[in-house]
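Fold and contact review
Here is how the chains run, residue by residue.
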Amino acid sequence: MTTFRAELLRARSRTTLVFLLLCIVFTLFSMSNAGPQGHPPLWGFREVAILTATLLMGRGAVVAANDFSTGTIRPWLISRPSRISVFTGKLAASVTVALGSAVIIGLVSFAAGGVFGETATARDMAVATGQFALACVALTIFGHAVGVLTRSVPAALAITIAWVLPAEKVLQGRSSTLDQWLPGNLLQDFTLGVIGYHTSPAAAVLHATVPFILLDVVALVLFARRDINS
């Protein structure tokens, strides 16, 4: 809990605020372009949601890997009773920031929706924001795992972005079974609101999150056992 609180305090920075504002502007820009394409603003929100979630994934990867790159991981380990508490505290903080960002972006988008066209109902916006939040949390878990495993900011960003964008697109369509276990594609379907056409929502949530959670478990085991040379 101490690590969690400390990480949240560290996240209350100007950099995080600027990052959040950029995500909001990014989302509002997409919503403003929905009307000229004959769609309501909610469509624009959904279209850009997976890209915004990918940005939050990148933040999770950078935060996790940067502690190793800068050597700040050592003071954390010295001041805490166990590595597991450090790992889980940092992961929980990154997930909280991602979830909070998703909620704020959703609320701002709902408030500004009428400026760009037909305002979405509170229910429709809540559903879209919830699906967006799921993508943000799941991808942040992925980013955190890769950041801990690589211990390098450039490597973590390269791997996470390469997997979510080109790698899964290459694998998509090769097997119906494989398609059901491509978390990035499933999360994109969630944010677009089309998940029900392929599989049940419950199964999709399971398939979209379990691979990333298992990867984080592997990262936790290695983090607890490997030497820290940074």
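Computed from a predicted model, the values in this text were never measured in an experiment.

When its secondary structure is counted, the chain shows 10 helices and zero strands. In the chain, the order of α-helices and β-strands from amino to carboxyl end is α-α-α-α-α-α-α-α-α-α. For 230 residues, the compact-globule estimate of 2.2 N^0.38 gives 17 Å, and the chain sits close to it at 18 Å. Projected onto its principal axes, the C-alpha coordinates of the chain cover approximately 55 × 45 × 30 Å. A burial count over the chain gives 44% of its 230 residues as buried. A separation threshold of at least 6 residues defines the contact pool for the chain, and within that pool the share at least 24 residues apart is 75%. As displayed, the chain has an accessible area near 11100 Å², and 68% of this comes from carbon and sulfur atoms. Distance between charge centroids for the chain: 13 Å, based on 16 positive and 10 negative side chains.

This paragraph deals with the pattern of salt bridges. What the rule picks out here adds up to five salt bridges. Here Lys90 and Glu7 are joined by a salt bridge, their closest N and O atoms 2.7 Å apart. Pair noted here: Lys90 is in helix H5 (residues 83-116) and Glu7 is in helix H1 (residues 2-11), with a separation of 83 residues, a long-range link. We note that Lys90, like Glu7, is buried. Note that Lys90 is salt-bridged to Asp67, the shortest N-O span being 2.7 Å. Residue Lys90 is located in helix H5, and its partner Asp67 is located in helix H3 (residues 41-70); the two are separated by 23 residues in the primary sequence. Neither Lys90 nor Asp67 differs from the other in exposure class; each is buried. One network of salt bridges, in which partners are shared, links Glu7, Arg10, Asp67 and Lys90.

Of all 10 residues in helix H9 (residues 183-192), eight are buried; the element is thus mostly enclosed. Regarding H9, the residues found buried are Pro183, Gly184, Asn185, Leu186, Leu187, Asp189, Phe190 and Thr191. In this structure, the buried side of H9 is in contact with H3, helix H6 (122-150), helix H7 (153-171), helix H8 (176-179) and helix H10 (201-225).

Tallying each qualifying case throughout the model produces four aromatic pairs. Plain terms: the ring middles of Phe45 and Phe132 are 5.7 Å apart, the flat faces sit at 80 degrees to each other, and that makes the pair edge-to-face. Here Phe45, found in helix H3, pairs with Phe132, found in helix H6; they are 87 residues apart in sequence, far enough to count as distant. Residue class for Phe45 comes out buried when judged on its relative accessible area of 2%. Summarising the aromatic geometry, the rings of Phe142 and Phe212 are spaced 4.6 Å apart at their centres and angled 15 degrees between planes, so their arrangement reads as stacked. Of the two residues, Phe142 sits in helix H6 while Phe212 sits in helix H10, which places them 70 residues apart along the sequence.

Between H3 and H7, whose axes approach to 8 Å, the crossing angle comes to 155 degrees. The angle between H3 and H7 falls in the class roughly antiparallel. The crossing of H3 and H7 is right-handed. Contacts between H3 and H7 involve Thr54, Met57, Gly58, Ala61, Val62, Ala65, Asn66 and Ser69 on the former and, on the latter, Val153, Ala156, Leu157, Thr160, Ile161 and Val164. The class makeup of the residues in the contact of H3 with H7 is nine nonpolar, five polar and no charged.

One can find Leu139 in helix H6. With a relative accessible area of 0%, Leu139 lands in the buried category. Excluding anything up to four places from it in sequence, Leu139 contacts Ile50, Ala53, Thr54, Met57, Val164, Leu187 and Phe212.

Moving on, we come to the confidence of the model for the chain. With 97% of its residues at a pLDDT of 70 or more, the chain has an overall mean of 89. Least confident of the elements in the chain is H8, whose mean pLDDT is 72; most confident is H6, at 96.

Rules used throughout
Residues numbered from 1 in each chain as written. Predicted model: local features only at pLDDT ≥ 70, side-chain atom pairs only at ≥ 80, totals over all residues. Heavy atoms only, no water. Helix = DSSP H or I, 4+ residues; strand = E, 2+ residues; numbered from the N terminus. Rg over C-alpha atoms; globule rule 2.2 N^0.38 Å. Buried < 20%, exposed > 50% of the residue type's maximum accessible area, 1.4 Å probe, protein only. Contact = heavy atoms within 4.5 Å. Areas by Shrake-Rupley, 256 points an atom, 1.4 Å probe, with all protein chains shown as cover. Lys, Arg positive; Asp, Glu negative; His and termini not counted. Charge placed at Lys NZ, Arg CZ, Asp CG, Glu CD. Salt bridge = Lys/Arg side-chain N within 4 Å of Asp/Glu carboxyl O. Phe/Tyr/Trp six-rings, centres within 6.5 Å; stacked < 30°, edge-to-face > 60°. Axes fitted to C-alpha atoms, helices over the stretch in contact; angles between N-to-C directions. Parallel < 35°, antiparallel > 145°, perpendicular 65-115°, else oblique. Left-handed = near helix turned anticlockwise from the far one by under 90°. Nonpolar A, V, L, I, M, F, W, Y, C, P; charged D, E, K, R; others polar. pLDDT = per-residue confidence, 0-100.

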